[in-house]
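# A closer look at the structure
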Amino acid sequence: MFHWALEQREDVVMHLVGSAFSCEVPDGWQEARQPGCVIAASPDAPLGFAPNVVLRESVIEERPDALAAISQANLRSTAELPGAMVIQVEALQQHGVEHRRIWMLTPVAPEELHGNILCLLSVQDLVITDGVIAELTLTLPLVEWSPEDQHQAILDTLQAMPTAERVPPPTTTSTIPDVTLDTWATSRDGAPREDLTVVTPPDLVLQAKPLVLSDEAAQRFFTHAEQRVFTPVTGKEKNELLNAGLVEHDGAPSPAGFWYIDHLLSGKGWTIIVATSQAQEFRFWITDATTIFVAPNPEQEGTSLLGYCPSNDLFRILLAWVNATPAWPMDMDLELSGEQLRDKLERDTVGFSSSGDASEFANHPWTLLSLRNSDGGTHLNWVRSQSRGEATTWLDPSLHNTSDLITIQRHSGAGLWLPLTAIITENS
């Protein structure tokens, strides 16, 4: 399913040269040129999609907030891509100048996969030098990527060519759009930082339309399935499961029902719990090819969605469900008692002292989430804030023990999506 072992970067590279910028790609990648852009693609496409990079360049007006403005415009445009979601935005210093890096997941359906969805990871690196902006976009299947691998290393090589070797890009001057800045992040970093709340929640694009079941019917089906001896369903839930095609007229599992049961019994089970007044759960069972899931129906209270997805597309759906949105990095360590954390979660009351990044994080409402395995063991707890991302914590989600201090931490670097997906990958 997932193979995220670190790869060795090849020593042999080829240079991808644009008008004013260049980068390095693995030797053997195939190059193509179009007006205003140069493309390089891997000769191999085992999943029906060849990893590739596209380098676009254009002339722009030079102004201090140009990089933030173009980045924000690109973030807004992701709403036009069905199912796409932005998972991270970074401000980096590379080769002596600031870069902006945008990470995004997108579903596609290559012909080679016969209509099955493949989740793509796209990482766009933006940099401006002497009135020319370069946009280098790396795109590859998410399951073909691992942190700091040879694909990601391509982005780190993007830089302006020596002045004498540059020529104007063969494109018209790009207009810089208006930008809404994040006042706090701009002040913190001493450089223009775009407001990331322009990123809209993605539409839920799935392999197939999920079944809608009452919570009672979904619970009855899975309770019977987990017993390994499926007792025929009776009562009103039987009619509902019959209409959904999961059981036969006698209440025994149908072929479709057995398909779900087989995934539940043979797959690796996980649960993400959202600790609200009425706790919500996203349960899923992973096999190499397919993951089944049951989750609260966001459009109809008291009902659940029962569906499936290719396992390679699980993380896009999972991150959308937990509302993982991009946020600017923070460095903080907060220590709270169980009572103080409970007051913050339930009443948004800040009954603890904080400063710097921690104070800004505390100024927004929090929600507590936990990742547990099928045995009930907790692998990760995190606090989600509005507008300022997530912070990890280790605690008893019941908060019954109020004597021990609870540490909430967040340090600059990748957001929650990387440790969350890594834990599931390594333990599945």
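Residues numbered from 1 in each chain as written. Predicted model: local features only at pLDDT ≥ 70, side-chain atom pairs only at ≥ 80, totals over all residues. Heavy atoms only, no water.

### A closer look at the overall build of the protein chain
Looking only at helices and strands, the protein chain has ten helices and 20 strands in total. For 428 residues, the compact-globule estimate of 2.2 N^0.38 gives 22 Å, and the C-alpha radius of gyration of the protein chain, at 24 Å, lies within 12% of that figure. In terms of overall dimensions, the protein chain has a C-alpha envelope of 80 × 55 × 35 Å along the principal axes. Expressed as a percentage of contacts within the protein chain between residues at least 6 apart in sequence, the contacts between residues at least 24 apart total 58%. Summing over all exposed atoms, the protein chain offers an accessible surface of approximately 19,600 Å²; the carbon and sulfur share of this is 48%. (Helix = DSSP H or I, 4+ residues; strand = E, 2+ residues; numbered from the N terminus. Rg over C-alpha atoms; globule rule 2.2 N^0.38 Å. Contact = heavy atoms within 4.5 Å. Areas by Shrake-Rupley, 256 points an atom, 1.4 Å probe, with all protein chains shown as cover.)

### Notes on the pairing of strand 18 (residues 378-385)
By the criterion of burial, strand 18 is predominantly enclosed, with six of the eight residues buried. Two elements, strand 17 (residues 366-373) and strand 18, share seven bridges in a ladder whose sense is antiparallel. Looking across to strand 18, one finds that Leu371 is bridged to Leu380. If you look at the hairpin formed by strand 17 and strand 18, you'll find four residues sitting between the two strands, and Gly376 has a positive phi there, around 90°. (Buried < 20%, exposed > 50% of the residue type's maximum accessible area, 1.4 Å probe, protein only. Pairing = 2+ DSSP bridges.)

### Quick word on the packing of helix 4 (residues 215-226) against helix 5 (residues 236-243)
Put simply, helix 4 and helix 5 touch, their axes get as near as 9 Å, and they point 85° apart. Classed by the angle they form, the pair helix 4 and helix 5 counts as roughly perpendicular. Across the interface between the two elements, Glu216, Ala217, Arg220 and Phe221 of helix 4 pack against Glu237, Glu240 and Leu241 of helix 5. In terms of residue class, the contact of helix 4 with helix 5 is made up of three nonpolar, no polar and four charged. (Axes fitted to C-alpha atoms, helices over the stretch in contact; angles between N-to-C directions. Parallel < 35°, antiparallel > 145°, perpendicular 65-115°, else oblique. Nonpolar A, V, L, I, M, F, W, Y, C, P; charged D, E, K, R; others polar.)

### Notes on helix 6 (residues 255-266)
Because the α-helix completes a turn every 3.6 residues, residues three or four places apart line up on one side. The terminal C-alpha atoms of helix 6 lie 16 Å apart, and with twelve residues this matches the ideal 16 Å at 1.5 Å per residue to within 8%. Those residues of helix 6 that fall on the buried side of the exposure criterion are Gly257, Tyr260, Ile261, His263 and Leu264. Considered in projection along helix 6, the buried side chains sweep an arc of 160° and stay on one side of the axis. Elements in contact with the buried residues of helix 6: helix 4, strand 13 (280-286), strand 14 (290-296) and strand 15 (303-310). (Expected span 1.5 Å × (residues − 1). Arc of directions from axis to C-beta.)

### Focus: the side chain of Ser385
With respect to the secondary-structure elements, Ser385 resides in strand 18. Among the polar contacts made by the side chain of Ser385, one reaches the main-chain amide nitrogen of Arg388 at a distance of 3.3 Å. (Polar contact = N/O pair within 3.5 Å; in protein donor to acceptor, adjacent residues only side chain to side chain.)

### Considerations on the environment of Gly415
As for its placement among the helices and strands, Gly415 is situated in the loop between strand 20 (406-410) and helix 10 (417-426). Given a relative accessible area of 29%, Gly415 falls into the partly exposed group. For the pair Gly415 and Glu301, spaced 114 residues apart in sequence, the C-alpha separation works out to 30 Å.

### Concerning the sheet that holds strand 17
Here we have ten strands laid out as an open sheet, ordered 11-15-14-13-12-17-18-19-20-16, and antiparallel in their pairing. The two strands at the open ends of the sheet, each matched to only one other strand, are strand 11 (211-214) and strand 16 (332-336). Neighbour-to-neighbour, the strand axes of the sheet open up by a mean angle of 25°, direction not taken into account. In the sheet, strand 19 (residues 390-393) pairs with strand 20 via two bridges, with the strands oriented antiparallel. Across the sheet, the residue bridging to Thr393 is Ile408, located in strand 20. Strand contacts of helix 4: strand 11, strand 13, strand 14 and strand 15, with the helix running at about 95° to strand 11, the strand carrying the most contacts.

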